[in-house]
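Fold and geometry: a report
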Amino acid sequence: MADLHLTSPANPRLKSLAALRRRRGREESGRTLVEGYEELSLALDAGVLPESLYYCPEFMLDPATQIRVVDEVRARGVDTVQVSRAAFEKVAYREGPDGFLAVVPAVTRTCADLELGASALVVLCQGVEKPGNLGAMLRTADAAGADAVVAADPVTDWGNPNLVRASKGTVFSVPVASDSTEDTLAWLEAHGIALVATTPDTDLLHTDVDYTGPVAIAVGAEKYGLTDEVLERATHRVRIPMAGKANSLNVATSAAIVIYEAVRQRGLAGASSH
């Protein structure tokens, strides 16, 4: 059966995609958007099956090769729709689109849905606001082989298209969950996972803690850091040494530094545990 071919930017089917750019639309529908060939390929490799795929060969960087993804998902029963250049420019949400936009099921997990090994490495992000920072932390978690990333009291959702883009699609390859701070802390305690909280208000350096057992590395909101609730329940509070004038690092950078100290201690560089 030939693909539907849409040419008008005003087509109701294309206009409905705009609703998925808003959190309310994603939550009500249980769907989100994945834009980009690389991001879509990673999602497919992680077992995600799109509900529909919109594509524009004129934007593809390597049409002869990349069109195979369209054939692959079509063969699996996915609704594939070819879109004109003008129409795709209207529905694309990133600059320099490469001709791929898919509707996929949203990621909706709580901590209770996560399955962890005996020496789990968890990244805990409390109240982090910027999708770009969450996406960057997901890329680090993926590279480091972290077992899960948990958003406690999240300000944004895992389906935010800008987060999906910033994560390069690793939001689908790393187990992620959202929960309240209290439920997250209770879950960590129930599983015997030590909590290492990052804060400038401590003398303990991040390199002076043992990360070789089950551990969660916690970072807080960009402006305020971790709440007292997390700091008081932490097994260790650690800081990253800084010699400059600024009193804080970007939250994604801070997370990466501590995560890779854990990787160094565990001897897992280049390995993945998920």
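The coordinates are above.
A few points on the structure. (Residues numbered from 1 in each chain as written. Predicted model: local features only at pLDDT ≥ 70, side-chain atom pairs only at ≥ 80, totals over all residues. Heavy atoms only, no water.)

Here we look at the packing of helix 3 (residues 37–45) against helix 4 (residues 63–75)
What counts here: Here the axes come from fitting lines to C-alpha atoms, over the contacting stretch only for helices, and the angles between their N-to-C directions go from 0 to 180 degrees. Put simply, DSSP H or I for four residues or longer makes a helix, DSSP E for two residues or longer makes a strand, and each gets a number counted from the N terminus. By definition in this entry, angles of less than 35 degrees are roughly parallel, angles greater than 145 are roughly antiparallel, angles of 65 to 115 are roughly perpendicular, and the rest are oblique. A crossing counts as left-handed when the near helix is turned anticlockwise from the far one by less than a right angle, and as right-handed when that turn is clockwise. Here, residues are in contact when the closest pair of their heavy atoms is within 4.5 Å. Following the grouping adopted for this structure description, the nonpolar residues are Ala, Val, Leu, Ile, Met, Phe, Trp, Tyr, Cys and Pro, the charged ones are Asp, Glu, Lys and Arg, and the polar ones are all others, Gly among them.
Between helix 3 and helix 4, whose axes approach to 11 Å, the crossing angle comes to 40°. On the basis of the axis angle, helix 3 is oblique to helix 4. Of the two elements, helix 3 crosses helix 4, and the hand of that crossing is left-handed. Contacts from Tyr37, Leu40, Ser41 and Leu44 in helix 3 reach Gln66, Val69, Glu72 and Val73 in helix 4. In the contact of helix 3 with helix 4, the residues fall into five nonpolar, two polar and one charged.

Re the nonpolar core
Note the threshold: Note on terminology: a nonpolar core comprises buried Ala, Val, Leu, Ile, Met, Phe, Trp, Tyr and Cys residues joined through side-chain atoms within 4.5 Å. Any residue under 20% of the maximum accessible area for its type is buried, any over 50% is exposed, and the rest in between are partly exposed; the area is computed with a 1.4 Å probe on protein chains only.
With 49 residues, the main nonpolar core has Met137, Val149, Trp158 and Tyr211 as its most contacted residues. Here Tyr211 is in contact with Val196, His206, Ile217, Val238, Val258, Glu261, Ala262, Gln265 and Arg266, once residues within four sequence places are set aside. Core analysis: the next-biggest nonpolar cluster, separate from the first, contains 21 residues, Cys111, Leu114, Val150 and Trp187 among them.

Topic: the sheet that holds strand 9 (residues 194–198)
Formally: A pair of strands is treated as paired once DSSP finds two or more bridges between them.
Across the sheet, six strands lie side by side as 8-7-6-10-9-11; this open sheet has parallel pairing. Every interior strand has two partners, whereas the edge strands, strand 8 (176–179) and strand 11 (236–238), have only one. Sheet twist, expressed as the mean angle between neighbouring strand axes with direction ignored, is 25°. In terms of strand pairing, strand 6 (residues 121–126) meets strand 10 (residues 215–219) through five bridges, oriented parallel. In the sheet register, Val123 faces strand 10, and the bridge partner there is Ile217.

Considering the side chain of Ser254
Mapped onto the elements, Ser254 comes out in helix 10 (residues 251–266). Looking at Ser254, the relative accessible area reads 12%, which means it is buried. Ignoring anything within four residues of it in the chain, the contact list for Ser254 reads Ile240 and Leu249.

Concerning the packing of helix 6 (residues 131–144) against helix 10
Between helix 6 and helix 10, the shortest axis-to-axis distance is 9 Å and the interhelical angle comes to 15°. Classed by the angle they form, the pair helix 6 and helix 10 counts as roughly parallel. The two elements helix 6 and helix 10 cross, and the hand of that crossing is right-handed. Judged by residue contacts, Asn133, Ala136, Met137, Thr140, Ala143 and Ala144 of helix 6 engage Val251, Ala252, Ala255, Ala256, Ile259, Tyr260 and Val263 from helix 10. Each residue belonging to the contact of helix 6 with helix 10 can be placed in one class, and the counts come to 11 nonpolar, two polar and no charged.

Side note on unusual backbone geometry
Phi is positive for Asp153, close to 45°, though the residue is something other than glycine. Within the element layout of this structure, Asp153 appears in the loop between strand 7 (148–152) and helix 7 (161–166). With a phi angle near 60°, Lys168 is a residue other than glycine that sits in the positive phi range. Mapped onto the elements of the fold, Lys168 is located in the loop between helix 7 and strand 8.

Here we look at the pattern of salt bridges
Definition in use: We count a salt bridge whenever a side-chain nitrogen from Lys or Arg sits within 4 Å of a carboxyl oxygen from Asp or Glu.
Here the structure, examined in full by the defined rule, presents 13 salt bridges. When the shortest N-O distance is used, the salt bridge between Arg23 and Glu27 registers 3.0 Å. One end of the pair, Arg23, and the other, Glu27, are both in helix 2 (residues 23–29), four residues apart, so they sit about a helical turn from each other. A residue is classified by how much of its surface remains accessible, and Arg23, at 30% relative accessible area, is partly exposed. By relative accessible area, Glu27 is classed as exposed at 54%. Notably, a salt bridge pairs Glu189 with Arg233, separated by 2.9 Å at the nearest N-O pair. Placement of Glu189 in helix 8 (residues 181–190) and of Arg233 in helix 9 (residues 228–233) is noted, with a sequence separation of 44 residues between them. Here Glu189 falls in the partly exposed class, since its relative accessible area comes to 49%. In the salt-bridge network here, residues are joined through shared partners; they are Arg23, Arg26, Glu27 and Asp157.

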